[in-house]
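Listed below are the residues making up each chain.
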Amino acid sequence: TVALAIALHKVPASFGLATHLLEAGWPRAKALQGLALFGAATPLGAVITFFGMNQVPMLGSESAVASALLVSSGTFIHAACMHMVPEALGHGRHVPAKQMGALLLGMAFPLLMSFFISDHHA
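Predicted model only: the values in this text are computed from it and were never measured.

Caption draft 1: View of the overall build of the chain. Along the backbone of the chain there are 4 helices and 0 strands. Mapped from its N terminus to its C terminus, the chain presents α and β elements in the order α-α-α-α. Here the C-alpha radius of gyration of the chain, 18 Å, is well above what a compact globule of 122 residues would show, namely 14 Å. Its C-alpha atoms give the chain principal-axis dimensions of about 50 × 40 × 20 Å. Burial status across the chain gives 10% buried among its 122 residues.

Take a look at the structure:
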């Protein structure tokens, strides 16, 4: 389900955020506070969105929920592409082939999975 996928992605996302914050020089206690806020943002946002979208019948439709997920995922992809990928690739330095291959494979993975997992929505 979508809820399970969102919950499971928090583990690697939190690991990545912790690594990024510590690498940026944040003290361990401040990084933990940031991770706590990050961890609380999803359930809190889900509850607020659920009640907010159910207040307006048009916003509770499947297409409205799908559009909200598209906007959410788009902002996540934008943040990754604009902030984290350049940091991971080293700001113009030579990128090892294994690192570039892992990045490209990670980007292609959702597309590859779509060939094996069918969508049964009618």
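Caption draft 2: Seen up close, the packing of aromatic side chains. Under the definition given, this model contains 1 aromatic pair. Residues F50 and F51 carry aromatic rings whose centres are separated by 5.2 Å and whose planes lie at 75° to one another, so their mutual orientation is edge-to-face. We note K30 situated over the ring of W26; from NZ or CZ to the ring centre the distance is 4.9 Å.

Caption draft 3: Spotlight on a nonpolar patch on the surface. On the surface, L105, L111, L112, F115, F116 and I117 cluster together to form a nonpolar patch covering roughly 700 Å² of accessible area. With respect to the helices and strands, F115 occurs in helix α4 (residues 97-116).

Caption draft 4: The arrangement of the packing of helix α1 (residues 2-23) against helix α2 (residues 28-55) in detail. Running from N to C, α1 and α2 point in directions that differ by 155°, and their axes come no closer than 10 Å. Comparing their axes, α2 and α1 come out roughly antiparallel. The handedness of the crossing between α1 and α2 is right-handed. On α2, the residues touching I6, K10, A13, S14, L17, A18, L21 and L22 of α1 are R28, A31, L35, F38 and T42. Split by residue class, the contact of α1 with α2 holds 9 nonpolar, 2 polar and 2 charged.

Caption draft 5: Quick peek at the side chain of K10. Positionally, K10 belongs in helix α1. A relative accessible area of 15% places K10 in the buried class. Looking at K10, its side chain comes within polar contact range of the main-chain oxygen of F38, at 3.4 Å. With residues up to four places along the chain from it excluded, the contact list for K10 reads F38 and T42.

Caption draft 6: Summary view of α2. Over its 28 residues, α2 runs 41 Å from end to end, which matches the ideal 40 Å to within 8%, given 1.5 Å per residue. Maximum bend of α2: about 30°, positioned at A41, with proline P43 one to four residues after it. Taken residue by residue, α2 has A31, G34, L35 and M53 as its buried positions.

Analysis parameters
Residues numbered from 1 in each chain as written. Predicted model: local features only at pLDDT ≥ 70, side-chain atom pairs only at ≥ 80, totals over all residues. Heavy atoms only, no water. Helix = DSSP H or I, 4+ residues; strand = E, 2+ residues; numbered from the N terminus. Rg over C-alpha atoms; globule rule 2.2 N^0.38 Å. Buried < 20%, exposed > 50% of the residue type's maximum accessible area, 1.4 Å probe, protein only. Phe/Tyr/Trp six-rings, centres within 6.5 Å; stacked < 30°, edge-to-face > 60°. Lys NZ or Arg CZ within 6 Å of the ring centre and 35° of its normal. Patch = residues over 30% accessible without salt bridge, like charges linked within 9 Å, V, L, I, M, F, W, Y side chains within 5 Å. Areas by Shrake-Rupley, 256 points an atom, 1.4 Å probe, with all protein chains shown as cover. Salt bridge = Lys/Arg side-chain N within 4 Å of Asp/Glu carboxyl O. Axes fitted to C-alpha atoms, helices over the stretch in contact; angles between N-to-C directions. Parallel < 35°, antiparallel > 145°, perpendicular 65-115°, else oblique. Left-handed = near helix turned anticlockwise from the far one by under 90°. Contact = heavy atoms within 4.5 Å. Nonpolar A, V, L, I, M, F, W, Y, C, P; charged D, E, K, R; others polar. Polar contact = N/O pair within 3.5 Å; in protein donor to acceptor, adjacent residues only side chain to side chain. Expected span 1.5 Å × (residues − 1). Bend = angle between axes of the 7 residues up to and from the residue.

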